[in-house]
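Reading the structure
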Amino acid sequence: MAYPGPERAPDDTPVREARPDDGLLTVRAAEGDEEAFAVLVREHAPVLVGLATRLLGDRAEAEDAVQDAFISAWRRLPEFRRHSSFGTWMYRIVTNRCLNVLRARRPVTSLEAAGEFAAPEYDSPERVTEARDAVRGMRRALDDLSAEQRACWVLRELDGHSYEFIAETVGISQEAVRARVFRARRCLTRALGAWR
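Below, the structure is looked at part by part.

Quick look at the packing of helix α6 (residues 147-158) against helix α8 (residues 174-191) now. Orientation of α6 relative to α8, taken along the N-to-C sense of each, is 90 degrees, at an axis distance of 8 Å. When the axes of α6 and α8 are compared, the pair comes out roughly perpendicular. Between α6, through E148, Q149, C152, W153, R156 and E157, and α8, the contact on the second element is made entirely by V177, R180, V181, R183, A184, R185 and L188. Among the residues forming the contact of α6 with α8, the class breakdown is six nonpolar, one polar and six charged.

Turning our attention to the packing of helix α7 (residues 163-170) against α8. Contact pair α7 / α8: the axes reach a minimum separation of 8 Å and the direction vectors enclose 100 degrees. For the element pair α7 / α8, the angle class is roughly perpendicular. Here Y163, E164, I166 and A167 of α7 come into contact with α8, specifically with Q174, V177, R178, V181 and R185. When its residues are assigned to classes, the contact of α7 with α8 shows five nonpolar, one polar and three charged.

For the rest of this paragraph, the subject is helix α1 (residues 22-30). Buried within α1 are the following residues: D22, L25, T26 and A29. Buried residues of α1 fall within an arc of 100 degrees about the axis and therefore sit on the same side.

Moving on to the environment of A179. Along the polypeptide, A179 turns up in helix α8. Looking at A179, the relative accessible area reads 26%, which means it is partly exposed. As a C-alpha pair, A179 and Q149 span 30 residues in sequence and 8.7 Å in three-dimensional space.

Within the secondary structure, H161 is located in the loop between α6 and α7. Classification of H161 by relative accessible area gives buried; the value is 18%. Sequence-distant contacts of H161, defined by excluding residues within four places in its chain, comprise Y91, L155, R156 and I166.

With that out of the way, let us pick up the packing of aromatic side chains. Enumeration over the complete set of coordinates arrives at six aromatic pairs. Taken together, a centroid distance of 6.5 Å and an interplanar angle of 90 degrees make the contact between F37 and F86 edge-to-face. Here the residue F37 occupies a position in helix α2 (residues 34-56), and F86 occupies one in helix α4 (residues 86-104), the gap between them amounting to 49 residues. Classification of F37 by relative accessible area gives buried; the value is 9%. Judged by its relative accessible area of 2%, F86 falls in the buried class. One aromatic cluster is present, built from ring pairs that chain together F37, F70, W74, F80, F86 and W89.

Quick look at α6 now. Taking 1.5 Å per residue as the helical rise, α6 with its 12 residues ought to reach 16 Å, and the 16 Å between its terminal C-alpha atoms agrees with that figure. Here α6 lies mainly inside the structure; nine of its 12 residues are buried. Of all the positions in α6, only A147, E148, Q149, R150, A151, C152, W153, V154 and L155 are classed as buried. Contacts made by the buried residues of α6 are with α2, α4, α5 (125-144), α7 and α8. One or two positions beyond α6, positive phi appears at G160, with a value near 70 degrees.

Rules of the game
Residues numbered from 1 in each chain as written. Predicted model: local features only at pLDDT ≥ 70, side-chain atom pairs only at ≥ 80, totals over all residues. Heavy atoms only, no water. Axes fitted to C-alpha atoms, helices over the stretch in contact; angles between N-to-C directions. Helix = DSSP H or I, 4+ residues; strand = E, 2+ residues; numbered from the N terminus. Parallel < 35°, antiparallel > 145°, perpendicular 65-115°, else oblique. Contact = heavy atoms within 4.5 Å. Nonpolar A, V, L, I, M, F, W, Y, C, P; charged D, E, K, R; others polar. Buried < 20%, exposed > 50% of the residue type's maximum accessible area, 1.4 Å probe, protein only. Arc of directions from axis to C-beta. Phe/Tyr/Trp six-rings, centres within 6.5 Å; stacked < 30°, edge-to-face > 60°. Expected span 1.5 Å × (residues − 1).

This is the structure:
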């Protein structure tokens, strides 16, 4: 089913059309409406790619993970029971997809392969070197976290989600989330102590 174009006001300016809510779009998509699913993808993809990028540390890998998650969601939509919102369901699928990628990773390649950052021209060479070393230290510290610790830490500290939301998304108890966030904070603080 195609959605009609925007209505026009008497002065011929477009009237902002109300988009159907996620619940209605999810029902339509579960019935095979590809356009409804495309609207859901357009609405949720930017946030999910941001999440996956923070979890995986690589934009291309993140985009692949989100694409795989949407393909999986399309196939599983008839099973979706709507106990949570479509967005929460997608967060869970993307997080799990990223956890699988993190668990399957081989040991990290050399830091030289990570590339260099362009430094602002006004900084001294010493400050540029310190900033690069700090970024490398943060990358190493994040890579040293377990996949579950990294996911919980990113969802809590970078995305600002509640422990309840994270527990539902990752599929563990709130106490386990709190423990993983605590251990991740401790590991990151210890690893980055020299850069304070």
